[in-house]
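Chains, contacts and geometry: an overview
Spelled out from the first residue to the last, the chains are:
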Amino acid sequence: MRLVTFGLALAGAVLFQIAGLPLPFLFGPMAACLLAALAGMPLKGVGLISTLSRAILGVAIGASITPEVVGRIPQMAGSVALVPIYVVLIGLVGVPFFRRLGFDPVTSWYAAMPGGLHDMVTFGQEAGADVRALSLIHATRVLVIVTAAPMILAGLYGAGLTGAIGAPLRDLPVSEIILMTAAALIGWKGAERFGLFGASILGPMIVTSALTLSGLIHARPPAEAILAAQLFIGISIGVQYVGVTLRELRGFVLSGLAFVAILAVLAAAFTELVTLTGLANPVEGFLAFAPGGQAEMTVLALVAGADLGFVILHHLTRMVVVILGAPVAARLSGIKR
């Protein structure tokens, strides 16, 4: 089934490329796998390859953490300080929203948290939440944000989506390719060993940033690698809907869609706040507060030509606040089934 899934994804990418649609290697596979999943095809995720694609994006982030970016971190403090407030507001609105829709307290809690899909499902499962509901609600959040964000960037902010994602493989020094590969694998596995959340992205990012700051790496991963990463991330989003039933579409997916509308209002408010106060320009502000996954936001920041360091610092802060705070806050609040 993995070969069939890959074939569908590749066909989707080719069709989107021919049609001249934006982000063909992300949206083509995502659309093809989503439609096939909803049609009842037994697709299968690509396992470790999908995780490796996130490691590639981790290297891309790390390669963007230059001395100039580090020097600007104090300037980013004002907008970063708003991220915990943003997360708390999402929880205060989201948990009652899901409770009103009939979800149990634990499922409502972890459905409302704007963390990574896999992290929230894992935490929810350990706490006794409805895992299928969490999977579909968070998958819908990511799907809608990834689909809508490019349209908003282009239509509302006039951003182009043709930013250089990386130099071709042939233009990069072999020594840097070797270092990037080592950074991806060592960072990923090392972070897993230490139990770091989001190990496949954060580990490679940490190792690569050290190599970048030391002057050993001067470029992002090759464009071919980043395009491949987009393809596998598109697959991973689409296959989340395999086996979805009509009842789940009506209940879980529609609930996820309604919650995205709430998130959109909050994200728009914080984008306006950081823009009007001069803490960020509109494109970076929008991407920094769009509550999608790290991998997806990395791709969008790359193609929009945004300040990758600024955008990812905000998303890392959000993930840290949610992953460290959500389980603790749930216990202190007495959230249980």
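Residues numbered from 1 in each chain as written. Predicted model: local features only at pLDDT ≥ 70, side-chain atom pairs only at ≥ 80, totals over all residues. Heavy atoms only, no water.

On to a nonpolar patch on the surface, then. A surface patch of nonpolar side chains, about 410 Å² in accessible area, is lined by Ile-85, Val-88, Leu-89, Leu-92 and Val-93. Its location among the elements puts Ile-85 in helix H6 (residues 82–100). Note on Ile-85: relative accessible area 45%, which makes it partly exposed. (Patch = residues over 30% accessible without salt bridge, like charges linked within 9 Å, V, L, I, M, F, W, Y side chains within 5 Å. Areas by Shrake-Rupley, 256 points an atom, 1.4 Å probe, with all protein chains shown as cover. Salt bridge = Lys/Arg side-chain N within 4 Å of Asp/Glu carboxyl O. Helix = DSSP H or I, 4+ residues; strand = E, 2+ residues; numbered from the N terminus. Buried < 20%, exposed > 50% of the residue type's maximum accessible area, 1.4 Å probe, protein only.)

Time to look at helix H12 (residues 223–238). Helix length check: H12, at 16 residues, gives a terminal C-alpha distance of 23 Å against a target of 22 Å (1.5 Å per residue), a fit within 8%. Burial analysis of H12 places twelve of its 16 residues in the buried class, which makes it a mostly covered element. Of all the residues in H12, the buried ones are Ala-223, Ile-226, Ala-229, Gln-230, Leu-231, Phe-232, Ile-233, Gly-234, Ile-235, Ser-236, Ile-237 and Gly-238. Elements that come into contact with the buried residues of H12 comprise helix H1 (2–18), helix H2 (24–38), helix H3 (48–64), helix H9 (131–155) and helix H15 (294–303). (Expected span 1.5 Å × (residues − 1). Contact = heavy atoms within 4.5 Å.)

Of all hydrophobic cores here, the largest spans 103 residues; its most connected members are Tyr-110 and Leu-287. Residue contacts for Tyr-110: discarding those within four places in its chain leaves Met-120, Phe-123, Gly-124, Ala-127, Leu-134, His-138, Ala-326, Pro-327 and Ala-330. Counting residues in hydrophobic clusters, the runner-up holds eight residues, among them Val-59, Met-180, Leu-211 and Ile-217. (Core = buried A, V, L, I, M, F, W, Y, C linked by side-chain atoms within 4.5 Å.)

Taken by themselves, the reported measurements are silent on function.
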